[in-house]
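Observations on the three-dimensional arrangement
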Amino acid sequence: MSRSYTFPEGFLWGCATAAYQIEGSPLADGAGPSIWERFAHTPGMMHNGDTGDIACDHYRRMRDDVKLMAEMGLTAYRFSIGWARVLPEGTGRVNAAGLDFYQRLVDTLLEHGITPMATLYHWDLPEALDDRGGWLNRDSAEWFADYARVCFQALDDRVPLWATLNEPWVVTDGGYLNGVLAPGHRNLYETPRASHHLMRAHGRAVQVYREVGQHQIGLVVNIEPKYPASDSEADRAATRRAHHYMNRQYLDPALRGRYPDGLREVFGEAWRDWPAEDMALIAQPIDFVGLNYYTRAVVRDDPHQYPTRASAVRQPGATYSDTGWEVYPPAFTDTLVWLKERYGNPAIYITENGSAFYDPPTVEGPVLFDPLRQDYLIKHLKACHDAIEAGVDLRGYFGWSLLDNLEWSLGFAKRFGMVHVDYATQKRTRKGTSHLYQAIIESNGAALASARPVYGTGHPPHDAGNAAAVDVS
Ligand code: BGC
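Model, not experiment: these values are computed from the prediction.

Looking now at the environment of Ile 217. Mapped onto the secondary structure, Ile 217 falls in strand β5 (residues 216-222). Judged by its relative accessible area of 0%, Ile 217 falls in the buried class. Considering only alpha carbons, one finds Ile 217 and Gly 52, 165 residues apart in sequence, at a separation of 28 Å.

Another aspect to go through is unusual backbone geometry. Between Ala 182 and the following residue, Pro 183, the backbone shows a cis peptide bond with an omega angle of 5°. With respect to the helices, strands and loops of the structure, Pro 183 is situated in the loop between α8 (168-177) and α9 (190-212). Cis geometry is adopted by the peptide bond preceding Ser 401, which originates at Trp 400 and carries an omega value of 10°. Backbone geometry places Asp 57, a non-glycine residue, at a positive phi of 55°. Along the chain, Asp 57 falls in the loop between α2 (35-40) and α3 (58-71). Of the residues examined, Asp 57 reaches a relative accessible area of 4% and is grouped as buried.

Close contacts around the ligand come from 13 residues, with Gln 21, Glu 167, Glu 352, Glu 407 and Trp 408 the closest. Within the side chain of His 122, one N or O atom sits 2.9 Å away from an oxygen atom of the ligand. In the model, an oxygen atom of the ligand is placed 2.9 Å from a nitrogen or oxygen of the Asn 166 side chain. Out of a free accessible area of 310 Å², the ligand has 94% covered by protein chains. Taken atom by atom, the bulk of the ligand overlaps the largest pocket.

Right, let's get into the pattern of salt bridges. Per the stated rule, a full pass over the model turns up 38 salt bridges. Note that Arg 85 and Glu 23 form a salt bridge whose closest N and O atoms lie 2.7 Å from each other. With a gap of 62 residues between them, Arg 85 in helix α4 (residues 83-86) and Glu 23 in the loop between α1 (19-22) and α2 connect regions that are remote in the sequence. The two residues Arg 85 and Glu 23 agree in class, both being buried. Each of Asp 359, Asp 370, Arg 373, Asp 404, Arg 415 and Lys 431 takes part in one network of salt bridges that share partners.

The buried fraction of strand β10 (residues 348-352) amounts to five of the five residues, a majority that puts the element mostly inside the structure. Taken together, the three bridges between β10 and strand β11 (residues 394-400) define a ladder with parallel strand orientation. When the bridges of β11 are listed, Ile 348 appears paired with Leu 394.

Okay, the sheet that holds strand β7 (residues 288-292) next. On the basis of which strands lie adjacent, the closed barrel formed by eight strands has the order β1-β2-β3-β4-β5-β7-β10-β11 and parallel pairing. Strand after strand, the sheet turns through a mean of 25° between neighbouring axes, direction not considered. Here strand β1 (residues 12-16) pairs with β11 via five bridges, running parallel. What sits directly across from Ala 16, in β11, is Trp 400. Against the sheet, helix α7 (residues 140-155) makes contact with β3 (115-121), β4 (161-166) and β5, and its axis sits at roughly 165° relative to β3, the strand it touches most.

Right, let's get into the layout of surface pockets. Considering only enclosed or pocket space, the largest pocket measures out at about 1,300 Å³ in volume. If you trace the largest pocket, you find 48 residues lining it, with Trp 169, Asp 173, Glu 224, Met 246 and Trp 325 closest to the centre. If you list the elements that add at least two residues to the lining of the largest pocket, you get α8, α10 (233-248), β8 (297-301) and β9 (310-312). Residue contributions to the lining of the largest pocket peak at four residues, all from α8. Here the lining of the largest pocket is built from residues that sort into 25 nonpolar, 14 polar and nine charged.

Ranked by internal contacts, the top residues of the largest apolar core, which has 143 residues, are Trp 135, Trp 162 and Tyr 437. Formed by five residues, the second largest nonpolar core is a distinct cluster that contains Ala 238, Ala 242, Val 299 and Ala 310.

As a further point, take the environment of Ile 286. Structurally, Ile 286 can be placed in the loop between α13 (276-282) and β7. The sequence separation of Ile 286 and Gln 216 amounts to 70 residues, and the corresponding C-alpha distance is 7.8 Å.

As a further point, take the sheet that holds strand β6 (residues 226-228). In space, the three strands of this open sheet follow the order β6-β8-β9, with mixed pairing throughout. Unpaired on one side and paired on the other, β6 and β9 mark the two borders of the sheet. Going from strand to strand, the sheet's axes swing by 45° on average, the running direction of each strand aside. In terms of strand pairing, β6 meets β8 through three bridges, oriented parallel. Bridging from a neighbouring strand, Pro 228 pairs with Val 299 of β8.

Before going further, it helps to examine the side chain of Asp 370. Relative to the assigned elements, Asp 370 resides in the loop between β10 and α15 (371-389). Of the residues examined, Asp 370 reaches a relative accessible area of 4% and is grouped as buried. Within the local environment of Asp 370, its side chain forms a polar contact with the side chain of Arg 373, the two groups lying 2.8 Å apart. A polar contact is formed between the side chain of Asp 370 and the side chain of Thr 433, at a distance of 2.7 Å. Setting aside residues no more than four positions away along its own chain, Asp 370 makes contact with Asp 359, Lys 431, Gly 432 and Thr 433.

Conventions used here
- Residues numbered from 1 in each chain as written.
- Predicted model: local features only at pLDDT ≥ 70, side-chain atom pairs only at ≥ 80, totals over all residues.
- Heavy atoms only, no water.
- Helix = DSSP H or I, 4+ residues; strand = E, 2+ residues; numbered from the N terminus.
- Buried < 20%, exposed > 50% of the residue type's maximum accessible area, 1.4 Å probe, protein only.
- Near = heavy atom within 4 Å.
- Polar contact = N/O pair within 3.5 Å; in protein donor to acceptor, adjacent residues only side chain to side chain.
- Areas by Shrake-Rupley, 256 points an atom, 1.4 Å probe, with all protein chains shown as cover.
- 1 Å grid on protein atoms, 1.4 Å probe; cavity = no way out; pocket = protein on both sides within 12 Å on 5 of 7 lines; lining within 4 Å.
- Sits in = over half its atoms within 2 Å of the grid points.
- Salt bridge = Lys/Arg side-chain N within 4 Å of Asp/Glu carboxyl O.
- Pairing = 2+ DSSP bridges.
- Axes fitted to C-alpha atoms, helices over the stretch in contact; angles between N-to-C directions.
- Contact = heavy atoms within 4.5 Å.
- Points joined across faces, edges and corners; volume = space filled by probe spheres on them.
- Nonpolar A, V, L, I, M, F, W, Y, C, P; charged D, E, K, R; others polar.
- Core = buried A, V, L, I, M, F, W, Y, C linked by side-chain atoms within 4.5 Å.

Nothing here speaks to function; it is geometry throughout.
Written out as structure tokens, the structure is:
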């Protein structure tokens, strides 16, 4: 007898996006610039010189994009709010026209029966605040609290799910340590400081929410489980360091009130002890954990790797996506079970999960074949179901991403969308994954039992030379 993959009643089926990656029109209607404008317009920072100036033009095509979501059968949608649209100077004056965009978005979602989840910070700090030190400034927690209050007051009557920060680890590792994301700093000493201030900001926003909000609020983290490459003590210690740095740095303080001891070893003299009142602020009770899961890492000791002295080992025979990430669904289940066990069975939403693979660029017709992405979706949803059977309180899944979009400094080259975007014309074309996802949603998961990726007419999906010949009729 085949297994049943039905999900719990009320499970949310969504897609996720982020403001700078899709909206375009960054300075429209009185918005201020964010650090991503500055970063993307700095020569050499972005692949191919790409910017978010137009991106998916979602700011102007929002209604059509919501219609597309409805057509796909989505029951939920996770978007982020551009802080500098709402507060052009980062604090103080509210730009009603900027806020209005999100009001209209939320109303349009609700008209289509789609539940909104809003993220307050998906990496686009107002430039004016970066000029005051950005996340290195201890005042950032108050700036964020003021901004959060404006958003809650305007939208909480219609938005039942809120996330404070998206992936603080990426904000600091990419933005303050390795310089590959805005604001492009490379400084070990700044990194734990920026992290800590982000977490204080998270705590303050949760406090404000308890004053003015009626629904649920959580924190979104990216977890990449670490497995040792061998049994050697050196590899196991490296695995521990990498795990503390990436996976426990934010959840431990938020859910258990203290940083993991391993961070001292990772950051060395750049680490410091933070006041007890900060730790209490950070540990405000939250309603759910948002998990972004993409891949795992098999780790070995590597003295040259900064700051963890650990690096990932490529797995022979494994499938890797276009971002170089191993496809390894069992680690998704492991991560969910780990979250349940370590943090006392919190409610969890998968706030992002997905894959970038090569898509044929010029296909005529309504369906675009993307078998590797479909395979990824099927296996990862099954892994979620395994976790639910193991007792994890999983309440929803948001695929990354609705549309192909600006993959930050990797530009438009990496396509994560369930829907293809032709950037020259802004035409949206549904990929096979979006049809597959629709069938899964309509059956509340049951269709997973017989779901198979569709391989078109036998042309290998990675063979660009053959792509134009794929028959989609
Ligand atoms: C981020 C997204 C990003 C995705 C794929 C996550 O780190 O939240 O903005 O596009 O992963 O890299």
